[in-house]
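Listed below, chain by chain, are the residues.
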Amino acid sequence: MSDQPRRPRKPAKPYRRPKKDPVRVLAFEALRAVDERDAYANLVLPPLLRKAREEGDFDTRDAALATELVYGTLRRQGTYDAVVAACVDRPLREVDPPVLDVLSLGAHQLLGTRIPTHAAVSASVELARVVLGDGRAKFVNAVLRKIAQHDLDGWLERVAPPYDEDPEDHLAVVHSHPRWVVSALWDSLGGGREGIEDLLRADNERPEVTLVARPGRATTAELLDEEAAVPGRWSPHAVRLAEGGEPGAIAAVAEGRAGVQDEGSQLVALALANAPVEGRDRMWLDGCAGPGGKAALLGALAAERGAVLLASEKQPHRAGLVARALAGNPGPYQVVAADGTRPPWRPGSFDRVLVDVPCTGLGALRRRPEARWRRRPEDLDGFAPLQRGLLRTALESVRVGGVVGYATCSPHLAETRAVVADLLKQFPDADLIDARPLLPGVPDLGEGPDVQLWPHVHGTDAMYLALIRRTG
């Protein structure tokens with residue numbers, strides 16, 4: 001045995017418990033709900049924020065940061081996946097989804113915000129320790145340190161294929177859209193590189209909150225008294241909240257006299273209401289009324305003219321939302337839960353009919369960024385029979401001399417012009433009328449007679465509208 005005295009061992013560092021950051025934990029919970037339950041962030045996030053405020057964990061700045069982390073991560077998910085894939089030694093499908101969510105949140109802080117690098121990494125690692133455990137937090141730390149070696153432009157040069165070699169794949173990675181969506185939007189938009197890049201950029205920007213003052217119940221002057229409120233661009237009933245805010249805290253919104261409604265949606269309702277009809281103008285139909293935004297505006301416009309609105313919605317719970325939106329309407333109306341392809345009303349009953357049909361929602365990717373990753377090209381085949389069936393019923397439901405508005409929140413040609421063209425072949429006594437004069441002041445509406453709105457051109461969702469008059 002050695003006579004040398006043993007050196008005293010260094011005392012082990014005491015275990016440090018991870019610090020729970022309420023903002024990032026909430027953002028992680030929202031992303032997990034979107035991934036696990038196919039939830040929509042705009043439905044998941046508000047109750048989480050409300051609960052955090054009630055528990056005293058959050059102030060306004062915390063809520064703003066949590067919102068940015070969730071929506072920013074979802075909008076740039078495709079780009080961040082490409083970056084993370086370049087920094088791990090396995091296919092992304094082999095990375096556990098909760099780990100990938102933490103990495104995406106970290107990547108967004110590093111590449112998409114002004115949060116300092118050291119703070120973004122340390123905060124993400126602490127989040128990983130809280131929600132994943134210390135072992136996987138080490139993996140998160142190693143990956144994020146690799147990501148931190150370059151800024152976003154530097155990474156895009158490394159992970160996006162050159163535009164000249166594969167334009168669609170380049171745009172898909174740079175602007176975080178699935179390739180098939182890039183291709184579909186480009187076909188609908190037409191033109192060269194500049195236009196499609198502007199559109200894809202607009203899809204990744206946070207949209208303003210737009211309100212509608214429902215005629216006879218509220219005025220834009222009342223809404224403009226709110227802080228940071230500015231007039232709408234095109235709709236006479238629109239007011240924009242330029243700095244966001246809580247619409248539910250506005251008295252007119254809380255009382256149902258005003259609502260949250262994209263300006264493109266308002267323009268569709270206004271165009272149908274103002275389209276010329278021959279003869280009487282007493283009965284209006286909203287054939288796909290849920291959740292009720294267009295129905296509430298149409299109901300108010302109908303009341304001003306002494307007309308009656310029937311709002312039909314297939315799903316009973318959505319019909320309940322329509323009834324709530326129409327409650328207090330100044331004129332007569334009725335809400336029914338009915339299948340729009342097998343309606344309970346007689347043919348030729350209505351003077352004006354609107355069908356805003358179910359669709360892929362590719363025109364509202366600013367508001368529902370996660371939808372771009374859920375939709376598949378084959379979804380178009382699923383919607384096609386329903387869209388055609390609803391337009392067929394609408395054309396049967398309107399009287400001779402009346403007008404049908406076919407609308408959809410998708411610019412995909414298979415959901416817009418293809419549907420209209422097919423039905424016009426079946427109804428030789430129906431003609432397209434020019435919708436452009438019914439959107440006064442709105443520029444760049446194309447060659448007509450139908451109208452396609454665009455986020456990057458009009459600041460609205462990509463709403464499509466075709467107006468059809470029964471002539472036979």
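## A few points about the overall build of the protein
When helices and strands are tallied, the protein shows 20 helices and 12 strands. Referenced to the eigenvectors of the C-alpha coordinate spread, the extents of the protein come out at roughly 115 × 50 × 40 Å. Burial statistics for the protein: of 472 residues in total, 54% are counted as buried. The long-range share in the protein, meaning contacts at least 24 apart out of those at least 6 apart in sequence, stands at 72%. Counting only carbon and sulfur atoms, one obtains 50% of the accessible surface of the protein, whose full area is about 22100 Å².

## Things to note about the packing of helix α9 (residues 167-175) against helix α10 (residues 179-189)
Where α9 meets α10, the closest approach of the two axes is 8 Å, and the angle between their N-to-C directions is 110°. What the angle tells us is that α9 and α10 run roughly perpendicular. Once α9 is placed against α10, the crossing between them reads as right-handed. Contact residues: α9 offers Pro167, Glu168, Asp169, Leu171 and Ala172, while α10 offers Arg179, Val182, Ser183 and Trp186. Residue classes in the contact of α9 with α10 are distributed as 5 nonpolar, 1 polar and 3 charged.

## Quick look at the environment of Phe28
With respect to the element layout, Phe28 can be found in helix α1 (residues 22-37). Spatially, the C-alpha atom of Phe28 lies 6.9 Å from that of Val102, the residues being 74 residues apart in sequence.

## Here we look at the packing of α1 against helix α2 (residues 41-54)
The contact between α1 and α2 brings their axes to 10 Å, and the two run at 145°. In this structure, α1 crosses over α2, and the sense of that crossing is right-handed. Contacts between α1 and α2 involve Leu26, Glu29, Ala30, Ala33, Val34 and Arg37 on the former and, on the latter, Ala41, Val44, Leu45, Leu48, Leu49 and Ala52. Each residue belonging to the contact of α1 with α2 can be placed in one class, and the counts come to 10 nonpolar, no polar and 2 charged.

## A short note on the pattern of salt bridges
Summed over all chains, the structure comprises 35 salt bridges. Taking the shortest distance from any N to any O, the salt bridge between Arg24 and Asp21 comes out at 2.6 Å. Residue classification places Arg24 among the buried positions, given a relative accessible area of 10%. A salt bridge links Arg201 to Glu197, with the nearest nitrogen and oxygen atoms 4.0 Å apart.

## Let's talk about the nonpolar core
With 56 residues, the main nonpolar core has Phe58, Val70, Leu111, Val140 and Ile147 as its most contacted residues. Grouped together as the second largest cluster of nonpolar side chains are 39 residues, Val212, Ala269, Leu298 and Cys409 included.

## So, the side chain of Gln452
Relative to the helices and strands, Gln452 resides in strand β11 (residues 451-452). Here Ala462 takes part through its backbone oxygen, which lies 3.2 Å from a polar atom of the side chain of Gln452. Among the polar contacts listed, one links the side chain of Gln452 to the backbone oxygen of Met463, at a separation of 3.1 Å. Excluding residues within four positions of it along the chain, Gln452 makes contact with Ser410, Pro411, Thr416, His458, Ala462, Met463 and Tyr464.

## Here we look at a negative patch on the surface
Taken together, the side chains of Asp225, Glu226, Glu227 and Glu243 make up a negatively charged region of the molecular surface. As for its position among the elements, Asp225 is in the loop between α12 (220-224) and β2 (229-231).

## A look at the sheet that holds strand β4 (residues 258-260)
Strand order across the open sheet formed by 4 strands is β2-β3-β1-β4, with antiparallel pairing between neighbours. In this open sheet, the two edge strands, each paired with only one partner strand, are β2 and β4. Direction aside, the axes of adjacent strands within the sheet are offset by 30° on average. Packing of helix α14 (residues 263-274) onto the sheet brings it into contact with β1 (209-213) and β3 (238-241), and relative to β1 it is tilted by some 30°.

## Structural notes on the pairing of strand β12 (residues 464-470)
Working note: regular strand, side chains alternate between the two faces of the sheet. In terms of burial, β12 is a largely internal element, 7 of the 7 residues being buried. Here β12 shows two buried faces, one formed by Tyr464, Ala466, Ile468 and Arg470 and the other by Leu465, Leu467 and Arg469. Two strands pair when backbone bridges link them, and strand β9 (residues 398-408) and β12 are joined in this way by 6 bridges, in the antiparallel orientation. Within the sheet, the bridge partner assigned to Val403 lies in β12 and is Arg469. Both strand β10 (residues 430-433) and β12 contribute to a ladder of 4 bridges, which runs antiparallel. Residue pairing in the sheet places Leu432 in a bridge with Ile468 of β12. Looking at chain direction, β11 and β12 are connected through 2 bridges and run antiparallel. Bridge pairing in β12 places Val451 opposite Leu465.

Procedures and definitions
Residues numbered from 1 in each chain as written. Predicted model: local features only at pLDDT ≥ 70, side-chain atom pairs only at ≥ 80, totals over all residues. Heavy atoms only, no water. Helix = DSSP H or I, 4+ residues; strand = E, 2+ residues; numbered from the N terminus. Buried < 20%, exposed > 50% of the residue type's maximum accessible area, 1.4 Å probe, protein only. Contact = heavy atoms within 4.5 Å. Areas by Shrake-Rupley, 256 points an atom, 1.4 Å probe, with all protein chains shown as cover. Axes fitted to C-alpha atoms, helices over the stretch in contact; angles between N-to-C directions. Parallel < 35°, antiparallel > 145°, perpendicular 65-115°, else oblique. Left-handed = near helix turned anticlockwise from the far one by under 90°. Nonpolar A, V, L, I, M, F, W, Y, C, P; charged D, E, K, R; others polar. Salt bridge = Lys/Arg side-chain N within 4 Å of Asp/Glu carboxyl O. Core = buried A, V, L, I, M, F, W, Y, C linked by side-chain atoms within 4.5 Å. Polar contact = N/O pair within 3.5 Å; in protein donor to acceptor, adjacent residues only side chain to side chain. Patch = residues over 30% accessible without salt bridge, like charges linked within 9 Å, V, L, I, M, F, W, Y side chains within 5 Å. Lys, Arg positive; Asp, Glu negative; His and termini not counted. Charge placed at Lys NZ, Arg CZ, Asp CG, Glu CD. Pairing = 2+ DSSP bridges.

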